[in-house]
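Letter by letter, the chains look like this.
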Amino acid sequence: MEKIKIKYFTDKIEKLTYIGGKSDWIDLRAAQRVELKKGEFQLIPLGVAMALPEGYEAHVVPRSSTFKNFGIIQVNSMGIIDNTYCGPNDQWFFPAYALRDTVIEVNDRICQFRIMENQPTIVFEEASLEEHADRGGYGSTGKQ
């Protein structure tokens with residue numbers, strides 16, 4: 001089992017827990033109350049900083065219910081936090097854009113993360129790809 005060093009910036013959010021057997025994504029919570037009007041952007045503090053192991057990164061995405069419950073989307077689609085973002089002030093944030101007026105309370109679960117190994121070093125080799133079959137180009141799989 002990997003151990004991850006974590007710093008909490010507040011005692012008002014629940015501590016992170018890994019729930020085995022259900023999902024390997026871990027919920028993150030708003031560390032402060034946030035009021036957003038439709039069209040506003042804000043970095044929502046998540047109340048944690050972590051020292052990820054060398055060769056790993058965290059992928060941060062909204063929970064499936066985030067838009068339904070709060071009317072916000074994550075503006076960078078998916079956040080990537082590499083292992084060098086690990087200092088005592090390197091708090092994690094959720095970059096939120098409001099599509100309706102909303103209030104997010106302290107401790108509301110707004111996003112989730114998982115820790116992934118970094119991509120291995122790769123080398124690109126130019127080729128015509130003629131030996132491979134075409135799928136029909138972009139958007140060729142149809143609607144159903």
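For the structure itself, consult the block above.
Residues numbered from 1 in each chain as written. Predicted model: local features only at pLDDT ≥ 70, side-chain atom pairs only at ≥ 80, totals over all residues. Heavy atoms only, no water.

It is worth spelling out the environment of S23 at this point. Along the polypeptide, S23 turns up in the loop between strand 1 (5-8) and strand 2 (26-29). Residue class for S23 comes out partly exposed when judged on its relative accessible area of 33%. Residues S23 and V106, spaced 83 residues apart in sequence, show a C-alpha to C-alpha distance of 23 Å. (Helix = DSSP H or I, 4+ residues; strand = E, 2+ residues; numbered from the N terminus. Buried < 20%, exposed > 50% of the residue type's maximum accessible area, 1.4 Å probe, protein only.)

This part is about the packing of aromatic side chains. Overall, the coordinates contain 1 aromatic pair when judged by the stated rule. Between W92 and F113, the aromatic rings sit 5.2 Å apart at their centres with planes inclined by 85°, giving edge-to-face as the arrangement. In this pair, W92 is assigned in the loop between strand 8 (79-82) and strand 9 (93-98) and F113 in strand 11 (residues 109-117), connecting sequence segments 21 residues apart. Neither W92 nor F113 differs from the other in exposure class; each is buried. Taking the ring centre of Y8 as reference, the NZ or CZ of K15 above it sits at 4.1 Å. (Phe/Tyr/Trp six-rings, centres within 6.5 Å; stacked < 30°, edge-to-face > 60°. Lys NZ or Arg CZ within 6 Å of the ring centre and 35° of its normal.)

In this structure the tally under the stated criterion is 6 salt bridges. The shortest N-O distance in the salt bridge between R114 and D24 comes to 2.3 Å. On the criterion of sequence distance, the pair formed by R114 in strand 11 and D24 in the loop between strand 1 and strand 2 is long-range, its members being 90 residues apart. R114 gets classed as partly exposed once you look at its relative accessible area, which sits at 23%. In this structure, R63 engages D27 in a salt bridge whose closest nitrogen and oxygen atoms are separated by 3.2 Å. Taken together, the residues R63 in the loop between strand 6 (56-62) and helix 1 (66-70) and D27 in strand 2 connect sequence positions 36 residues apart. Taking the relative accessible area as the measure of exposure, R63 reaches 19% and is therefore buried. Of the residues examined, D27 reaches a relative accessible area of 23% and is grouped as partly exposed. Each of D27, R63 and R109 takes part in salt bridges that share partners, so that together they form one network. (Salt bridge = Lys/Arg side-chain N within 4 Å of Asp/Glu carboxyl O.)

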